[in-house]
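# Understanding the architecture of this molecule
So the chains spell out like this:
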Amino acid sequence: MKASIALSAAAVLAAKVSADCFSTRLGFPCCSSSSAEVWYTDSDGKWGVENDGWCGIPEAPSLAQCWSEAQGYPCCKFTSDVVFTDNDGNWGVENGNWCGIQKKNGNNGNANYDDVTPDNQIIINGNPFANKIFYINPYYVEEVDGAIAQMTDASLISKAEKMKTFSNAIWLDTIKNMQSWLEPNLKGALAQQKSAGKEVLTVFVVYDLPGRDCHALASNGELLANEGDWARYKSEYIDVIEEKLRTYKSQPVVLIVEPDSLANMVTNLDSTPACRDSERYYMDGHAYLIQKFGVLPHVAMYLDIGHAFWLGWDDNRQKAGKVYSKVIQSGAPGKVRGFTDNVANYTPWEDPTLSRGPETEWNPCPDEKRYLEAIHKDFTAAGIPSVYFVCDTSRNGKKVDRKHPGEWCNQIGVGIGARPQASPISGMPYLDAFYWIKPLGESDGTSDTSAARFDGYCGHETAMKPAPEAGQWFQKHFEQGLKNANPPL
């Protein structure tokens, strides 16, 4: 935001009135909002009244647009700093000009589903992905549209357009984002379900534990490992999610629970003080959320189990069986459907070039398929009653040259993997789905060594640079993922 910008509210409104809409060519100003009351309609458009005079009501933008474009101003591409707020939304400044800050609520603030009301309680029986329409994440569609605007290659644009037709998960990664994104997307999915006459599945990632991602820096969360933030996690985050899920009981929901957390409890308690500090909150947090969400019959939960090159070794898998069994029991009477692997990672589904040997540090599970086959046996033997899996295939279509298989940050050579699909592999009835959990194009972490959340892995040789902060859009990484898609887009 440029420090020289200092417009008053009146100046902003005056600037907006001068923005082009149908009425300006007729000598009348635009109304200040596309939602203004309609007083009259003719062949030119809809008319409202403001300041005792006629004004033209601008058309509401489509989901693919930023709301401010209807006022003659672009979307903000880089800033989220709010300079001014009016009835239309939040305004920022880029390059000395006003821009609209996109409302990251999953529907851009345009769709109105206030009249959509839930129906009777449904019950998920079996695979929650089976025979469902997968909800399209509207905010990701907006991100991809922004990416397309930066492209000139027609072939690449065509591939990017296809990305908007596939479902991916909606990350509730802060309390604020949860408040903004959860209910609007539940409403949007419900409206689609009523229109289609078929159940529409929405997938959310629950991701805000105190001391989150204790073994990394790039994705540390807002809540610290202390009593005050533990209370906030329960009352301001989990309890609010539970309330909304109980309201929207007539549609199926899948929750991907706290990526990386329990895997850190398996391998990093002894080596990482931050993980020791977070242990109680990780364990009690899972017990709390399982008790809350696991009793809802229209909700299916999957706990995160890292990936093949994290827990794939025999001793790690056996220890994991004990940890996850204890966690699930602590959440009674809540139930867990299963587990999710490879979230935000790059390990291929199958890699026949690798086997147990020096190259894999003697890992008997050098790809995700062999990992799930092994951990299914181990978790079943550990007495875990429901052992089903969802594999994240959003970025594992092309084997990347990671030098070390533990590399995880913005890997060069990325390619989109298998498309979201229920029961994708014959002979693996315990694999519920391939699904895109990590949205391609959203950064794993910054490569800026001076940044507070810089993690050394994001500076490694195999990490693409320069990279923005975790979660921010990474255009070059997105484009490479399109080019290397397997199967091709």
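These lines cover the structure that appears in this document, whether it is placed above or below. Just so you know, these numbers come straight off a predicted model, no measurement behind them.

Tracing the backbone shows valine 400 in the loop between strand E13 (388-392) and strand E14 (421-422). For valine 400, a relative accessible area of 7% gives the class buried. Separated by 52 residues in the primary sequence, valine 400 and proline 348 place their C-alpha atoms 8.8 Å from one another. Once you skip the residues sitting within four places of it in the chain, valine 400 turns out to touch Tyr346, Gln411, Ile412, Gly413 and Val414.

A full pass over the atoms with the stated rule returns 2 disulfides. Between cysteine 214 and cysteine 275 runs a disulfide, and the two sulfur atoms are separated by 2.0 Å. A torsion of 90° about the S-S bond marks the disulfide between cysteine 214 and cysteine 275 as right-handed. Placement of cysteine 214 in the loop between strand E9 (200-206) and helix H5 (227-247) and of cysteine 275 in helix H7 (residues 273-293) is noted, with a sequence separation of 61 residues between them. For cysteine 214, a relative accessible area of 9% corresponds to the buried category. Through a disulfide, cysteine 409 is tied to cysteine 458; the S-S separation comes to 2.1 Å. One disulfide, between cysteine 409 and cysteine 458, carries an S-S torsion of 95° and so falls in the right-handed class.

Moving on to the packing of aromatic side chains. Under the counting rule described, the total for this entry stands at 21 aromatic pairs. A ring pair is formed by tryptophan 408 and tyrosine 457, whose centres lie 5.7 Å apart and whose planes are at 35°; its orientation type is tilted. Of this pair, tryptophan 408 sits in the loop between E13 and E14 while tyrosine 457 sits in the loop between strand E15 (431-435) and helix H11 (475-483), and the two are 49 residues apart along the sequence. Taking the relative accessible area as the measure of exposure, tyrosine 457 reaches 35% and is therefore partly exposed. Each residue in the set Trp230, Tyr233, Tyr237, Tyr281 and Tyr288 is aromatic and connected to the rest through ring pairs, giving one cluster.

Here helix H4 (residues 175-196) crosses H5 at 5°, and the two axes come no closer than 10 Å. Taken together, the axis directions place H4 and H5 in an arrangement best described as roughly parallel. Note on element contacts: H5 touches H4 through Arg232, Glu236, Tyr237, Val240, Ile241, Lys244 and Leu245, opposite Ile175, Met178, Leu182, Glu183 and Leu186. Tallied by class, the residues present in the contact of H4 with H5 amount to 8 nonpolar, no polar and 4 charged.

Moving on, we come to the nonpolar core. One broad rule of soluble globular proteins: the nonpolar side chains tend to lie buried together. Leu255, Leu303, Tyr324 and Phe339 are the most contacted members of the largest nonpolar core, which has 74 residues in total. Of all hydrophobic cores here, the second largest spans 19 residues; its members include Phe129, Val254, Ala300 and Ala344.

With 17 residues, helix H9 (residues 314-330) extends 25 Å from end C-alpha to end C-alpha; this agrees with the ideal 24 Å at 1.5 Å per step. Every buried residue of H9 is accounted for by Asn316, Arg317, Ala320, Gly321, Val323, Tyr324, Ser325, Val327 and Ile328. For H9, the elements touching its buried residues are helix H6 (261-267), H7, strand E11 (299-304), helix H8 (308-311), strand E12 (338-341) and helix H10 (368-381).

The rules we used
- Residues numbered from 1 in each chain as written.
- Predicted model: local features only at pLDDT ≥ 70, side-chain atom pairs only at ≥ 80, totals over all residues.
- Heavy atoms only, no water.
- Helix = DSSP H or I, 4+ residues; strand = E, 2+ residues; numbered from the N terminus.
- Buried < 20%, exposed > 50% of the residue type's maximum accessible area, 1.4 Å probe, protein only.
- Contact = heavy atoms within 4.5 Å.
- Disulfide = S-S within 2.5 Å.
- Phe/Tyr/Trp six-rings, centres within 6.5 Å; stacked < 30°, edge-to-face > 60°.
- Axes fitted to C-alpha atoms, helices over the stretch in contact; angles between N-to-C directions.
- Parallel < 35°, antiparallel > 145°, perpendicular 65-115°, else oblique.
- Nonpolar A, V, L, I, M, F, W, Y, C, P; charged D, E, K, R; others polar.
- Core = buried A, V, L, I, M, F, W, Y, C linked by side-chain atoms within 4.5 Å.
- Expected span 1.5 Å × (residues − 1).

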